[in-house]
Amino acid sequence: MTSFPESSWRIDPCPASELGALATLAATIWREWYPPLIGSAQVEYMLTKMYAVPQLAEDQRQGVTFLRLWRENSWGGFAGVGSPDAKGDAKLHKLYLQTSWHGSGGAAVLLRAAEENAYRQGAPRLILAVNKNNVRAQAFYRKNGFEIYDSVVADIGGGFVMDDFLLAKRLVSNVKNLT
């Protein structure tokens, strides 16, 4: 895919009225990308639990900001950034791009927006979890300054687990051009 200049991208917050569209985009992305990594049954289970509109609305009530990524008039990616926790860390809960946008530069633009969102909330670090089998995402995050600090296997119900690496990036000296 062709990489696009940063000026061709637009980020905006996802209003509650658009959470249905966010859930639809998430389902499309997950069904294209994740079955080889975690299996179709777990994909469907996680979509039901984590991407149903009531859960996304609850996430927003709990302080998660959903950022949408646009190119021209097309919305093809999103991130979910939580408010700082008791330690001060903000969590990147979600960062997904439709697969046809992979390699376009959009993920880096969206990640920078998530970092800026966390930094503006006063978080010194942005943390995230990435599936241990998702080597492409791991490489992307490492390329963008994240380091693995732990690994977890978390029971999410339904006979499924999330087997993840935990990554973190210091934001204080890394986020630039904030206005």
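Participant: Break down the packing of aromatic side chains for me, citing the residues and quoting the values.
Facilitator: Evaluated as defined, the whole model comprises eleven aromatic pairs. Geometrically, the ring pair formed by Tyr51 and Tyr96 is edge-to-face, given 6.3 Å between the ring centres and 70 degrees between the ring planes. Here Tyr51 is found in the loop between α3 (40-50) and α4 (53-61), whereas its partner Tyr96 is found in strand β4 (residues 90-97), with 45 residues between them in sequence. Of the aromatic side chains, those joined through ring pairs into one cluster are Trp30, Tyr34, Tyr51, Phe78 and Tyr96. The cationic tip of Arg10 hangs over the ring face of Trp70; the distance from NZ or CZ to the ring centre is 4.7 Å. Geometry around Trp101 places Arg71 over its ring, the cationic atom sitting 4.7 Å from the centre.

Participant: I'd like to hear about helix α1 (residues 19-33), residue by residue, with values.
Facilitator: Here α1 is 15 residues long and its end C-alpha atoms lie 21 Å apart, about the 21 Å a rise of 1.5 Å per residue gives. Among the structural elements, α2 (35-38), α3, α4, β2 (65-71), β3 (74-81) and β4 are those in contact with the buried residues of α1.

Participant: Account for the packing of α1 against α4, naming residues and giving values.
Facilitator: Direction vectors running N to C along α1 and α4 enclose 115 degrees, while the axes themselves pass 9 Å from each other. Here α1 is positioned roughly perpendicular relative to α4, judged by the angle of their axes. In the crossing of α1 with α4, the sense of the turn from one axis to the other is right-handed. In this structure, α1 contributes Leu19, Gly20, Leu22 and Ala23 to the contact, and α4 contributes Val53, Leu56, Ala57 and Gln60. In terms of residue class, the contact of α1 with α4 is built from six nonpolar, two polar and no charged.

Participant: Quick rundown of the pairing of strand β6 (residues 147-157)? Include the residues and the values.
Facilitator: Bridge analysis of β6 against strand β7 (residues 160-170) gives nine bridges, and the strand direction is antiparallel. Across the sheet, the residue bridging to Ile148 is Leu167, located in β7. Where β6 folds back on β7, the antiparallel hairpin that results is connected by two residues, among which Gly158 adopts a positive phi of roughly 65 degrees.

Participant: Describe the environment of Arg10, naming the residues involved and giving the relevant values.
Facilitator: Here Arg10 shows up in strand β1 (residues 9-13). With 65 residues separating them along the chain, Arg10 and Trp75 place their C-alpha atoms 9.2 Å apart. Residues in contact with Arg10, not counting those within four places in the same chain, are Arg68, Leu69, Trp70 and Glu72. For Arg10, the side chain forms a polar contact with the side chain of Asp12, separated by 3.5 Å.

Participant: Which residues make up the packing of α1 against α3, and what are the values?
Facilitator: α3 packs onto α1 with a crossing angle of 165 degrees between their chain directions and a minimal axis gap of 10 Å. By the angle class used here, α1 and α3 are roughly antiparallel. In the packing of α1 onto α3, the handedness of the crossing is right-handed. Contact residues: α1 offers Ala26, Ala27, Trp30 and Arg31, while α3 offers Val43, Glu44, Met46 and Leu47. Looking at side-chain class alone, the contact of α1 with α3 contains six nonpolar, no polar and two charged residues.

Participant: Kindly report on the pattern of salt bridges, identifying the contributing residues and their values.
Facilitator: Counting across every chain of the model gives seven salt bridges. With a shortest N-O distance of 2.7 Å, Arg31 and Glu44 are connected by a salt bridge. Pair noted here: Arg31 is in helix α1 and Glu44 is in helix α3, with a separation of 13 residues, a long-range link. On the basis of relative accessible area, Glu44 is assigned to the partly exposed category, the value being 32%. A salt bridge links Glu58 to Arg61; its shortest N-O distance comes to 3.1 Å. In this pair, Glu58 and Arg61 are both assigned in helix α4, three residues apart and thus about one turn of the helix distant.

Reading the values: rules and limits
- Residues numbered from 1 in each chain as written.
- Predicted model: local features only at pLDDT ≥ 70, side-chain atom pairs only at ≥ 80, totals over all residues.
- Heavy atoms only, no water.
- Phe/Tyr/Trp six-rings, centres within 6.5 Å; stacked < 30°, edge-to-face > 60°.
- Helix = DSSP H or I, 4+ residues; strand = E, 2+ residues; numbered from the N terminus.
- Lys NZ or Arg CZ within 6 Å of the ring centre and 35° of its normal.
- Expected span 1.5 Å × (residues − 1).
- Contact = heavy atoms within 4.5 Å.
- Axes fitted to C-alpha atoms, helices over the stretch in contact; angles between N-to-C directions.
- Parallel < 35°, antiparallel > 145°, perpendicular 65-115°, else oblique.
- Left-handed = near helix turned anticlockwise from the far one by under 90°.
- Nonpolar A, V, L, I, M, F, W, Y, C, P; charged D, E, K, R; others polar.
- Pairing = 2+ DSSP bridges.
- Polar contact = N/O pair within 3.5 Å; in protein donor to acceptor, adjacent residues only side chain to side chain.
- Salt bridge = Lys/Arg side-chain N within 4 Å of Asp/Glu carboxyl O.
- Buried < 20%, exposed > 50% of the residue type's maximum accessible area, 1.4 Å probe, protein only.

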